[in-house]
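Inside the fold
One-letter residues, chain by chain:
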Amino acid sequence: MARRSNQLDVQCQFCQAKGSSHFADLNEEELTVLSSHKSCVGYKKGQTLFYEGTRPMGIFCINRGKVKVYKMGSNGREQILFIAQPGDFLGYRSMLSEEFYGASATVIEPAAICFIPKSDFLSILNSNPSFFRKLMQAVCHELGVMEDKLAQIAQKSVRERLASTILMLKETYGMEGEGSDVIDIALSREDLANIVGTATETVIRLLSEFKSDGMIALEGKRIKVLDVNALIHEADFYA
């Protein structure tokens, strides 16, 4: 686990990410219990929260920043499963199933992340049936997302996968208001390739083609979507 060099004072009751997290429906007493037992730490880009194959001791809840969750292939390449954002939980599936972590998690932009010990999390879970149901729904949703991703890798071309990935990133991380066509996440080209499941050089070439075709604009590491319908067509969503 990454060295906790920057302890923060973030109370669950006043957390800005609470409304988008699974904790949104907890009562004041439950939030107070969580706040009194958790720790919140500032992480730098590149720090790792946990590694695949290690034992979970609790869950991580993102207050600020983004984290990539990935598996390491036999060839040494990462396969990014998803990008977690504020309000998301990490590590709870492995903790609930009493298994080792099935993936690793690394911070991709400066973040504030809370750690809740296993015993305290399970105490809230066991005493709140509504919270338990919501968490089970989240587990089922994540499994569905993984199934869809596997199907895409098996059935779609790299070009189609990149187009659908850009659309997914826009839907999930698009800025609000007039900047909604800008994906507010500075992914490296290597990380983008690891989401798509291809070589970095291939992603760089395809991004250049998408730009030339007027579908996107590139603003540093950020991508601006110019033609959603063209990307939908490229992603073969109508097939």
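Higher on the page you've got the structure.
Figured I'd write up the structure that's included with this text. (Residues numbered from 1 in each chain as written. Predicted model: local features only at pLDDT ≥ 70, side-chain atom pairs only at ≥ 80, totals over all residues. Heavy atoms only, no water.)

1. Notes on the pattern of salt bridges
Enumeration over the complete set of coordinates arrives at nine salt bridges. Between Lys71 and Glu52 there is a salt bridge; the shortest N-O distance is 3.0 Å. Residue Lys71 is located in strand β4 (residues 58-72), and its partner Glu52 is located in the loop between β3 (48-50) and β4; the two are separated by 19 residues in the primary sequence. Exposure remark for Lys71: the relative accessible area of 33% places this residue in the partly exposed category. Three or more residues are tied together by salt bridges with common partners; here these are Arg159, Arg205, Glu209, Asp213 and Glu234. (Salt bridge = Lys/Arg side-chain N within 4 Å of Asp/Glu carboxyl O. Helix = DSSP H or I, 4+ residues; strand = E, 2+ residues; numbered from the N terminus. Buried < 20%, exposed > 50% of the residue type's maximum accessible area, 1.4 Å probe, protein only.)

2. Topic: the layout of surface pockets
Approximately 900 Å³ is the volume attributed to the largest pocket. The dominant element in the lining of the largest pocket, judged by the number of residues it contributes, is helix α4 (residues 129-155), at nine residues. Classifying every residue of the lining of the largest pocket by side-chain character gives 18 nonpolar, ten polar and five charged. As a volume, the second largest pocket reaches approximately 390 Å³. Lining the second largest pocket are 19 residues; nearest its centre among them are Arg93, Ser94, Gly102, Ala103 and Glu142. Tallied by class, residues from the lining of the second largest pocket come to eleven nonpolar, four polar and four charged. (1 Å grid on protein atoms, 1.4 Å probe; cavity = no way out; pocket = protein on both sides within 12 Å on 5 of 7 lines; lining within 4 Å. Points joined across faces, edges and corners; volume = space filled by probe spheres on them. Nonpolar A, V, L, I, M, F, W, Y, C, P; charged D, E, K, R; others polar.)

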